[in-house]
Each structure stands twice: as C-alpha cells, then as structure tokens.
Amino acid sequence: LSHQSISRQHCVIIHGIDGPVIADLFSAHGSFVNDTKLVAGQPTRLYDNDVIRFGGSSRKYKLKGTGCKRDSSNDKRKREEMSDDGQRKKQKDGSVRCRHLLVKHSGSRRPSSWRQENITRSFDDAMARIIELRAMLEKDITLFSDLASKESDCSSAKKGGDLGRFTHGVMQQSFSDASFALQVGELSQPVVSDSGIHLIIRDE
C-alpha cells in the first residue's frame, strides 16, 4: 500500500491453527478492525466479514473465507476489549505475579538466548511457533511451566517462566498491559514486545 500514514512495516496477519490473527507492529498511525484501533503489539483474532483498515488510508479490506464466525452477541464487548480504552479499563492497581514463555526472532532487541547463541528465525516463524504452543496449552494449561522450561528464550525458563511479582510499568508496556488485563489463571493471546513474542499466564 502506498499512503503517507502507512508505515513500512505496519502490521502482520498470520493464519494459525485456530484461525487468523492480526497484530499492529507499533505503526505510526495504527491498524483498525471494524473501525476499532488495535492495541499495538497485541495479536487479535480475525473473523469472517471483519473489516480491516491501515493508518489514515480510506481503503478497507473485508475478510472472507476464514471459516471463523464472530459471536454477534459478544461482538461489542470484544471490540471494546481489544481497543486502547478497553485495555486501560481492564488494568488494575497494585501488582501481579505471572509466568511467561518467550520466543525470540531475528528482530528481537537481543536475538540470542540460553537455547541458541544466534537466533535467525523470522517474526512470522516465531509467531507461528507461539500459536502452536498456545494451542497445546489450551488443551492442558498445566503444561505451561514444563513448556517454558524447554521452549522459552528467557532466562526465567529455569524457573518454569516465573517472573515473580511486579507492578505496572516495570515491564515493557505491551507486556505490562497484557499482564494486568488478565484474570488469575488466564492465558494471554500472543504478546509482542521488543524482546520477542510472549505467552503469559497470571498466577496472582
């Protein structure tokens, strides 16, 4: 797309096991689904007939053939939850305790880990792996610590991904926002940060 408001790397759309997801890559003017601005770095499920718009462009793209139908009774609530305002409303004061699983890629701010000295996988490959791992956890959430200890590119892997307790704003913004938006015991959607792509589960 050629438009002054559209960034060179604006967003990514990946078709995962459970259907397509879209994530705005911290673009200057944002990405929109059904006229709701996405939270940068937080992948959002897409459904048939969703309308996507990039930046200030007037062009709109209607999604077809995903095989995923949106529950119309929950449509308004879901749009509110994935908006910037909705995320802020869900944030809570105080602190949380979370575990996470990190998959890095070549664009991560430090593309190396205890698992691999030089990480060369692409962002798309990292997202695909995160989606695969999330599908496994949806079937059995008790696997989280075990998967984190084997798959996470963070040093917290040796503790099953446990980050301990932290207050809002201590972590990178997208990670912090996602952590505070979770209910206790809830697993996040993939969360994009400068470090890579995360899955987060809130313990307290």
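See the structure above.
Parameters and conventions
- Residues numbered from 1 in each chain as written.
- Predicted model: local features only at pLDDT ≥ 70, side-chain atom pairs only at ≥ 80, totals over all residues.
- Heavy atoms only, no water.
- Helix = DSSP H or I, 4+ residues; strand = E, 2+ residues; numbered from the N terminus.
- Buried < 20%, exposed > 50% of the residue type's maximum accessible area, 1.4 Å probe, protein only.
- Contact = heavy atoms within 4.5 Å.
- Core = buried A, V, L, I, M, F, W, Y, C linked by side-chain atoms within 4.5 Å.
- Salt bridge = Lys/Arg side-chain N within 4 Å of Asp/Glu carboxyl O.
- Pairing = 2+ DSSP bridges.

1. Digging into the environment of His 15
No. 1: When you line up the elements, His 15 lands in strand β1 (residues 11–16).
No. 2: A relative accessible area of 57% means that His 15 is categorised as exposed.
No. 3: If we ignore the near neighbours within four places in the chain, the residues touching His 15 are Pro 20 and Thr 66.

2. Quick word on the environment of Phe 54
No. 1: With respect to the helices and strands, Phe 54 occurs in strand β6 (residues 51–54).
No. 2: Among the residues examined, Phe 54 registers a relative accessible area of 13% and is labelled buried.
No. 3: Measuring from C-alpha to C-alpha, the distance between Phe 54 and Ile 6 comes to 6.5 Å, with 48 residues separating the pair along the chain.

3. Some thoughts on the nonpolar core
One recurring pattern in soluble globular proteins is that nonpolar side chains are buried together.
No. 1: Of all hydrophobic cores here, the largest spans 21 residues; its most connected members are Leu 101, Met 127, Phe 144, Ile 197 and Leu 199.
No. 2: Broken down by element, this core gets its largest block of residues, seven residues, from helix α3 (residues 123–139).
No. 3: With residues up to four places along the chain from it excluded, the contact list for Leu 101 reads Ile 130, Leu 133, Phe 144, Leu 147, Ala 148, Glu 151, Ser 152, Ile 197, His 198 and Leu 199.
No. 4: Of all hydrophobic cores here, the second largest spans nine residues; its members include Val 96, Ala 178, Leu 182 and Ile 200.

4. A word on the pattern of salt bridges
No. 1: Per the stated rule, a full pass over the model turns up 10 salt bridges.
No. 2: Between Arg 129 and Glu 151 there is a salt bridge, and its shortest N-O distance comes to 2.8 Å. Within this pair, whereas Arg 129 is found in helix α3, its partner Glu 151 is found in helix α4 (residues 144–151), the two being separated by 22 residues in sequence.
No. 3: The class for Arg 129 is partly exposed, based on a relative accessible area of 26%.
No. 4: Judged by its relative accessible area of 18%, Glu 151 is buried.
No. 5: The network of salt bridges with common partners includes Arg 115, Arg 121 and Asp 153.

5. A look at the pairing of strand β11 (residues 196–202)
No. 1: Of all the seven residues making up β11, seven are buried; the element is thus mostly covered by neighbouring parts of the structure.
No. 2: The sheet contact formed by strand β8 (residues 95–103) and β11 spans six bridges and is antiparallel. Bridging from a neighbouring strand, Cys 98 pairs with Arg 202 of β11.
No. 3: The pairing of strand β10 (residues 191–193) with β11 spans three bridges and is classified as antiparallel. Bridging across to β11, Val 191 finds its partner in His 198.
No. 4: A loop of two residues connects β10 with β11, the two strands running antiparallel in sequence.

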